[in-house]
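Each chain is listed here by its residues.
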Amino acid sequence: MTLAFDVLRVLATCSSLALYVSPWPEFRRIERRRSCGDVSLLPVVMLFCNAFMWCVYGCVADSIFPLVVVNAFGVCTSLIFSAIYMRWGSTEQRIYARRLWVGAGTAMLLATTYAVLGLRGATGQHPVDVVATLGLVCVTCNVSLFASPLETVGTVIRTKSAASLPIELCVANLVAGALWSALAIEQNDMFVLTPNALGTLLGILQVALYLVYPPRLQAVLRPERSRPLPVITSASKPDELSIKVAVQGPVFLPEPSSLTPLVAPSRRGVTRSLLPTSYGSKSVEVAAA
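Residues numbered from 1 in each chain as written. Predicted model: local features only at pLDDT ≥ 70, side-chain atom pairs only at ≥ 80, totals over all residues. Heavy atoms only, no water.

Draft legend 1. Here's a closer look at the UniProt feature "transmembrane region" (unreviewed entry) in the protein chain. Under the local residue numbering, the UniProt record ascribes the feature "transmembrane region" (unreviewed entry) to residues 39-57, 63-88, 100-119, 131-150, 162-185 and 191-213. In residues 191-213, the share of helix is 96% and the share of strand is 0%. The end C-alpha atoms are 34 Å apart. (UniProt positions renumbered as here; feature names shortened; annotations may be inferred. Helix = DSSP H or I, 4+ residues; strand = E, 2+ residues; numbered from the N terminus.)

In structure tokens, the structure reads:
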């Protein structure tokens with residue numbers, strides 16, 4: 001029984017680490033296409049708030065490892081993802097991101113100030129009560145993190161496409177919620193069970209939405225650098241030089257991705273490549289005497 005409990009605790013801790021890196025595939029696609037598309041920053045901001053508050057709680061409750069260490073990692077990853085979003089987001093998305101971060105930063109500053117004042121006795125509370133209050137704040141952030149991917153549920157239903165739904169984060173939420181719920185049941189800890197059970201249910205709902213409205217397949221075009229072509233020279237007369245130069249315009253090729261197959265089957269069962277060979281070249285003839 002002890003071995004099973006230890007394994008479950010290790011798996012739950014690993015699921016938290018996986019949760020904090022789960023947005024990486026989506027933000028890697030943002031880097032590749034240099035556009036945020038329909039991706040929302042709210043889940044990343046809530047990821048930061050959740051990790052930051054658990055760091056504060058761990059410091060107050062004197063639980064540096066693994067609580068503070070794991071969640072400090074989450075603070076760093078969420079800041080990196082936000083930087084990528086700010087770099088490639090549109091003007092409206094950047095304004096939206098600034099508003100989110102101003103609100104989140106203000107809330108985290110107030111919570112940290114309360115923790116410091118509470119430990120110094122300025123609030124008139126016992127340290128145990130301060131820890132309990134911070135625990136409630138952490139639970140609120142945890143539930144908000146689980147629910148944050150549903151911000152775009154209206155867009156998903158309207159467009160019948162889950163392209164704006166961060167499926168990696170949704171799956172990570174589902175797995176982490178299920179593991180921590182099992183651990184809480186084993187420890188008979190309702191304080192941990194309540195938010196993670198809600199997170200498990202929300203994760204199931206998000207994954208179900210993704211399966212009902214799968215993202216539409218679309219090719220992302222990228223310009224390919226023009227390749228230098230050979231220059232052909234010929235002389236029709238002794239005193240005249242004819243130069244024929246082949247000029248090739250930009251070629252656009254589909255960006256390889258998990259959503260865009262590079263080959264497509266034909267009716268006869270023979271696969272054909274979706275990558276075009278080239279697009280027409282133009283010839284310009286210049287005569288010089």
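Draft legend 2. Here's a closer look at the side chain of Asn50. Following the sequence through the fold, Asn50 ends up in helix α3 (residues 42-60). The class of Asn50 is buried, set by a relative accessible area of 4%. Setting aside residues up to four positions removed in sequence, Asn50 forms contacts with Tyr20, Asn71, Cys138, Cys141, Asn142 and Leu145. (Buried < 20%, exposed > 50% of the residue type's maximum accessible area, 1.4 Å probe, protein only. Contact = heavy atoms within 4.5 Å.)

Draft legend 3. Representation of the packing of helix α5 (residues 91-119) against helix α6 (residues 127-147) in the model. It is the contact of α5 with α6, at a shortest axis distance of 10 Å, that shows an interaxial angle of 165°. On the basis of the axis angle, α5 is roughly antiparallel to α6. Classified by chirality, the crossing of α6 by α5 is left-handed. Counted together, Met108, Ala111, Tyr114, Ala115 and Gly118 of α5 and Asp129, Val130, Thr133, Leu134 and Cys141 of α6 form the full contact between these two elements. Its residues placed into classes, the contact of α5 with α6 shows seven nonpolar, two polar and one charged. (Axes fitted to C-alpha atoms, helices over the stretch in contact; angles between N-to-C directions. Parallel < 35°, antiparallel > 145°, perpendicular 65-115°, else oblique. Left-handed = near helix turned anticlockwise from the far one by under 90°. Nonpolar A, V, L, I, M, F, W, Y, C, P; charged D, E, K, R; others polar.)

Draft legend 4. Quick peek at the nonpolar core. Counting residues in hydrophobic clusters, the biggest one holds 41 residues, and the most contacted among them are Phe27, Ile30, Leu41, Cys49, Met53 and Leu134. Examining the composition of this core, we find that 14 residues originate from one element, α3, more than from any other. Setting aside chain neighbours within four positions, we find Cys49 in contact with Ala104, Met108 and Cys141. (Core = buried A, V, L, I, M, F, W, Y, C linked by side-chain atoms within 4.5 Å.)

Draft legend 5. The arrangement of unusual backbone geometry in detail. The amide bond that connects Phe65 to the next residue, Pro66, takes the cis arrangement and shows omega of 5°. Among the secondary structure elements, Pro66 is positioned in helix α4 (residues 64-88). Positive phi, normally seen in glycine, also occurs at Asp62, with a value near 60°. With respect to the secondary-structure elements, Asp62 resides in the loop between α3 and α4. You will see that Lys160, though not glycine, has its phi angle at about 55°, which is positive. Its place among the elements puts Lys160 in the loop between α7 (153-159) and α8 (167-187). The exposure class assigned to Lys160 is exposed, which follows from its relative accessible area of 51%.

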